[in-house]
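What follows is the residue order along each chain.
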Amino acid sequence: MNLFVIGATGRTGREIVQQALVRGHHVTAFVRSPESIALRHERLTVLRGNAMDENELLRAMQNHDAVVSTLGPRKVFKPSSMLHDSAVATTRAMNRSGVKRLVVLSAAAHFPGIPNRIASFIMRSHMHDSLAMEAIVQSSGLDWTIARPPRLTEEDYTTYRSRENAAPKMGFSMSRKAVAAFMLDAIEQKKHFRQIVGIAK
Ligand SMILES: NC(=O)c1ccc[n+]([C@@H]2O[C@H](COP(=O)([O-])OP(=O)(O)OC[C@H]3O[C@@H](n4cnc5c(N)ncnc54)[C@H](OP(=O)(O)O)[C@@H]3O)[C@@H](O)[C@H]2O)c1
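Residues numbered from 1 in each chain as written. Predicted model: local features only at pLDDT ≥ 70, side-chain atom pairs only at ≥ 80, totals over all residues. Heavy atoms only, no water.

Draft legend 1. How the structure looks around the environment of L102. If you trace the backbone, L102 turns up in strand β5 (residues 101-105). On the basis of relative accessibility, which here comes to 1%, the residue L102 falls in the buried class. In this structure, the C-alpha to C-alpha distance between L102 and I16, residues 86 residues apart in sequence, is 14 Å. The residues touching L102, leaving out its near neighbours within four places in the chain, are V67, T90, T91, M94, V137, L142, D143, W144 and T145. (Helix = DSSP H or I, 4+ residues; strand = E, 2+ residues; numbered from the N terminus. Buried < 20%, exposed > 50% of the residue type's maximum accessible area, 1.4 Å probe, protein only. Contact = heavy atoms within 4.5 Å.)

Draft legend 2. Layout of the packing of aromatic side chains. Taken as a whole and assessed by the stated rule, the structure comprises two aromatic pairs. Ring geometry for F4 and F30: centres 5.4 Å apart, planes at 35 degrees, overall tilted. In this pair, F4 sits in strand β1 (residues 2-6) while F30 sits in strand β2 (residues 26-31), placing the two residues 26 residues apart along the sequence. When its relative accessible area of 0% is taken as the criterion, F4 is described as buried. (Phe/Tyr/Trp six-rings, centres within 6.5 Å; stacked < 30°, edge-to-face > 60°.)

Draft legend 3. Fine view of the side chain of S69. Its location among the elements puts S69 in strand β4 (residues 66-69). Those residues in contact with S69 that lie beyond four places of it in its chain are I6, V103, V104, L105 and M183.

Draft legend 4. Representation of the packing of helix α3 (residues 82-97) against helix α5 (residues 124-138). Where α3 meets α5, the closest approach of the two axes is 7 Å, and the angle between their N-to-C directions is 15 degrees. Here α3 lies roughly parallel to α5, going by the angle between them. Relative to α5, α3 is oriented so that their crossing is right-handed. Taking contact as the criterion, the partners of M82, L83, H84, A87, V88 and T91 in α3 are, on α5, H126, D129, S130, A132, M133, I136 and V137. Here the contact of α3 with α5 is built from residues that sort into eight nonpolar, four polar and one charged. (Axes fitted to C-alpha atoms, helices over the stretch in contact; angles between N-to-C directions. Parallel < 35°, antiparallel > 145°, perpendicular 65-115°, else oblique. Left-handed = near helix turned anticlockwise from the far one by under 90°. Nonpolar A, V, L, I, M, F, W, Y, C, P; charged D, E, K, R; others polar.)

Draft legend 5. Region of the structure containing the site of the ligand. Close to the ligand lie 22 residues, the nearest being T9, T12, R32, H126 and R176. Backbone polar atom of L71 to an oxygen atom of the ligand: 2.8 Å apart, as the coordinates give it. Here the ligand loses 84% of its free accessible area of 920 Å² to cover by the protein chains. Of all the secondary structure elements, the ones that give two or more residues to the shell around the ligand are α1 (11-22) and β7 (151-153). Of the residues in the shell around the ligand, the class split is eight nonpolar, nine polar and five charged. (Near = heavy atom within 4 Å. Polar contact = N/O pair within 3.5 Å; in protein donor to acceptor, adjacent residues only side chain to side chain. Areas by Shrake-Rupley, 256 points an atom, 1.4 Å probe, with all protein chains shown as cover.)

Draft legend 6. Summary view of a nonpolar patch on the surface. On the surface, F77, I114, I118, F121 and I122 cluster together into a nonpolar patch covering about 570 Å² of accessible area. Along the chain, I122 falls in helix α4 (residues 114-122). (Patch = residues over 30% accessible without salt bridge, like charges linked within 9 Å, V, L, I, M, F, W, Y side chains within 5 Å. Salt bridge = Lys/Arg side-chain N within 4 Å of Asp/Glu carboxyl O.)

Draft legend 7. The arrangement of the pattern of salt bridges in detail. Inspection of every chain in the model, using the stated rule, returns eleven salt bridges. D156 is paired through a salt bridge with K177; the nearest N and O atoms lie 3.5 Å apart. Linking D156 in the loop between β7 and β8 (161-164) with K177 in helix α6 (residues 176-188), this pair joins segments that are 21 residues apart in sequence.

Below, the structure written as structure tokens:
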């Protein structure tokens, strides 16, 4: 498949790129700083672009089969509408280009529960932006999947549990490698269309 990755320089995004290449896909990494990607591969194209610019996205995403977004704010406590603004630009570009499949990374803190309420309060501006992003994705008319993991780690496993519309029980953390595996599986296996999916170790 031809995969278009937004957030490819991030910790989860890098896992997406690496695993997608191992799985035999062609990957376009759409990034604001191409120099951050040291990886070279014959099936990897790195494009400089603004993830908030619908027209730049539109030009770059032609002829792709799916878009994966693992964007996240570099400063989590600073108010930002980056996730929302990028979701608006991305979903508009996808609808114009005819790319239908979108898998985005969100957060388990949006599920009900007291620990999540606490996390949501501490990171309220980021959580507000993340929820606004989800709303844009859900109303996009695309074949979307929203992945909601708990705390992310650098551990080395790629296995995961998943549950539509709820967090897996007692799932308090998850490796970024496993998040990437879930997002790629959802695309390859055509699963979880128009679903919010709780994922965890
Ligand atoms: N950390 C956790 O425990 C946790 C738990 C649950 C969910 N999540 C969610 O997971 C997501 C990603 O996490 P992560 O740890 O993989 O993120 P990360 O390592 O911080 O990477 C963030 C990515 O977003 C890009 N980005 C940030 N601001 C941008 C902007 N204005 N324009 C274009 N690109 C921009 C970064 O690009 P540059 O390299 O150019 O900065 C980078 O590629 C977040 O949305 C977060 O809510 C995290």
